[in-house]
Every structure is written in structure tokens, then in C-alpha cells.
Amino acid sequence: FMDWGKRVLKLLHISKMPDLFAELKFDGLAVSLIYKDGILEKAATRGNGKVGEDVTQNIKTIESVPLRLENNFDRDVEIRGEVIINKKNFEKINREQKKNGLSIYANPRNLAAGSLRQLDPNMTASRRLDFHAYDVVGDAGGELHSEKHEFLKKVGFKTDREAHIAKRAEDIFRFKEKIERMREKLEYEIDGLVIQ
């Protein structure tokens, strides 16, 4: 991380590291939501990076995905985020699977992904999936990542409650240590941190 910081200073010809934004990397399924005039029109998985799966009907069953953006935001925008299932729901579903003599799911990420790809939206709804937004494509949310997070909250999305601006490298290391201490108690599985 420190070596990367030195390269950034050199490449940008600056003497002080700019503010960074630190957030959790949720372990789920990446999804893009397309809003036209502020109304959810399409949802797709990342797929192979160029072509994803259309999961529009199933994404509409997730309570934390607004069908219409709040605060009279009526422009076209693409929102990116992660479909996840919390640890408590994951354990509950696996208990039911075991009780019914069915195979249990390996991890919350695979269960969330499989649930979103169900042919029956009622099955998707029964899994009580969640969605946390982390990015806005284009200029709708502002230039800085922190501004995009504020925009996402303003229009009705959940975002990472732990996310924050880090002014110094020490802030990043403190954040890493804090998350390592509380990782087991987090409501959702994570697979690291994102610093940008």
C-alpha cells in the first residue's frame, strides 16, 4: 500500500497523498441497475464483463432496491452495487434445507447469486436478499467517490455504514485493524476492503 502511494505521488507529480475513500467489499453478486427518468427499468449481473444476465424481475423483489428514486430525481442513471444475504438469513435457510433433507449452501455469496437467478421471483423474494449500492456511473453523483455515496443515500439506497474519507495512510491501517477485529460480528460476509 505504501509503495502504491509513492507511485501515485510520482505519477501525479504531487507531494501529498490526496484523500482516499475506504469501504467494505461486500461478498455478493455485482449488479447494475438502470433507471430511466428515475424509474427502475433494467437490472443485470456483470456476467462475463461485457454481457450480463437480465435479472430485472427478481431485483424488484428486493426491498432495498427503490423502484423509483427518491427526492424527485428523475434523470437517467446507472447504479452499481452488490446483492447480498445476511449471515442470519443464510443460516436460517441452511437449517431449513437440512431439516428437509436437502443439500446445504456453501456460502452466502453463492446463495445470493443463485437466488437472484431463480426463474420464480417468489422464490427470490422468499430469500430476503439485500442490496448495497457503491457506485454511480457518470456525473450524477459528483466527481468524488464520497459524493457518490452521499448521492446514493439521498436517492434511497443503502450504502456501507463503515465507509469514510481517509486523510492519511494511518487512517487506512486503523480502518483495516478495526474491521479485522469486528469482521466476525458484521451482519454480512466481506472479502476485504476497497480503497480509492
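Residues numbered from 1 in each chain as written. Predicted model: local features only at pLDDT ≥ 70, side-chain atom pairs only at ≥ 80, totals over all residues. Heavy atoms only, no water.

Enquirer: Help me understand the overall build of the protein, please; the structure alone is not making it clear to me.
Expert: For the protein, the count of helices and strands is seven helices and seven strands. The helix and strand sequence of the protein, counted from the amino end, reads α-β-β-β-α-β-α-α-α-β-α-β-α-β. Oriented by its inertia axes, the alpha-carbon framework of the protein measures out at about 60 × 40 × 30 Å. Out of the 196 residues belonging to the protein, those deemed buried represent 41%. Sequence-distant contacts, at least 24 apart, represent 68% of the contacts inside the protein between residues at least 6 apart. The average position of the 36 basic charges and that of the 33 acidic charges among the side chains of the protein differ by 3 Å. (Helix = DSSP H or I, 4+ residues; strand = E, 2+ residues; numbered from the N terminus. Buried < 20%, exposed > 50% of the residue type's maximum accessible area, 1.4 Å probe, protein only. Contact = heavy atoms within 4.5 Å. Lys, Arg positive; Asp, Glu negative; His and termini not counted. Charge placed at Lys NZ, Arg CZ, Asp CG, Glu CD.)

Enquirer: Quick question: what am I supposed to make of the pairing of strand S2 (residues 29-36) here?
Expert: A regular strand carries its side chains on alternate faces of the sheet. With six of its eight residues buried, S2 lies for the most part within the structure. Where S2 and strand S3 (residues 39-45) come together, six bridges link them in antiparallel fashion. Within S3, the position partnered with Tyr35 by the bridge is Leu40. (Pairing = 2+ DSSP bridges.)

Enquirer: Where do I start with the pattern of salt bridges in this structure?
Expert: Pairs may arise between side chains of opposite charge once their charged atoms sit close together. In total, this model carries 15 salt bridges according to the counting rule given. Salt-bridge contacts for Asp54 lead to Lys42; the nearest nitrogen and oxygen are separated by 2.9 Å. A residue pair is termed long-range when its members are at least 10 positions apart, and Asp54 in the loop between S3 and helix H2 (56-59) and Lys42 in strand S3 qualify at 12 residues. Residue Lys42 is classed as partly exposed on the basis of its relative accessible area, which comes to 37%. (Salt bridge = Lys/Arg side-chain N within 4 Å of Asp/Glu carboxyl O.)

Enquirer: How should I be thinking about the sheet that holds strand S6 (residues 164-166) in this particular structure?
Expert: Whenever strands of a sheet pair, they do so through backbone hydrogen bonds, lying parallel or antiparallel. Sheet architecture is open: three strands sit in the order S6-S1-S7, paired in antiparallel fashion. In this open sheet, the two edge strands, each paired with only one partner strand, are S6 and strand S7 (190-195). Across this sheet, the average inter-strand angle for adjacent strands is 35°, counted without regard to direction. In the sheet, strand S1 (residues 20-26) pairs with S7 via four bridges, with the strands oriented antiparallel. Within S7, the residue paired with Leu24 across the bridge is Leu193. Helix H7 (residues 169-182) contacts S1, S6 and S7 of the sheet and is inclined by roughly 20° relative to S1. (Axes fitted to C-alpha atoms, helices over the stretch in contact; angles between N-to-C directions.)

Enquirer: Could you clarify how one ought to interpret the packing of aromatic side chains in this entry?
Expert: The geometry of an aromatic ring pair is captured by the separation of the ring centres together with the interplanar angle, meaning the angle of the planes. The full count for this structure, using the stated rule, is six aromatic pairs. Ring geometry for Phe1 versus Phe173: centroids 5.5 Å apart, planes at 80°, classification edge-to-face. Linking Phe1 in the segment before helix H1 (2-12) with Phe173 in helix H7, this pair joins segments that are 172 residues apart in sequence. For Phe1, a relative accessible area of 37% puts it in the partly exposed group. Arranged with centres 5.1 Å apart and planes meeting at 75°, the rings of Phe73 and Phe151 form a pair that is edge-to-face. Placement of Phe73 in the loop between H2 and strand S4 (77-84) and of Phe151 in helix H6 (residues 145-154) is noted, with a sequence separation of 78 residues between them. An identical accessibility class is assigned to Phe73 and Phe151; each is buried. (Phe/Tyr/Trp six-rings, centres within 6.5 Å; stacked < 30°, edge-to-face > 60°.)

Enquirer: What is the right way to look at H6 in this model?
Expert: Every α-helix winds through 3.6 residues per turn, so residues three or four apart in the chain are directed the same way. Of all the positions in H6, only His145, Ser146, Lys148, His149, Phe151 and Leu152 are classed as buried. The secondary structure elements touched by the buried residues of H6 are S1, S4, strand S5 (130-137) and S6. One or two steps after H6, the chain reaches Gly156, where phi turns positive at roughly 110°.

Enquirer: For this particular structure, what's the right way to read the pairing of S5?
Expert: Counting buried residues along S5, six of its eight residues qualify, which places the element largely inside the surrounding structure. As paired strands, S4 and S5 are joined by seven bridges and run antiparallel to one another. By the bridge assignment, Ile79 is partnered in S5 with Val136.

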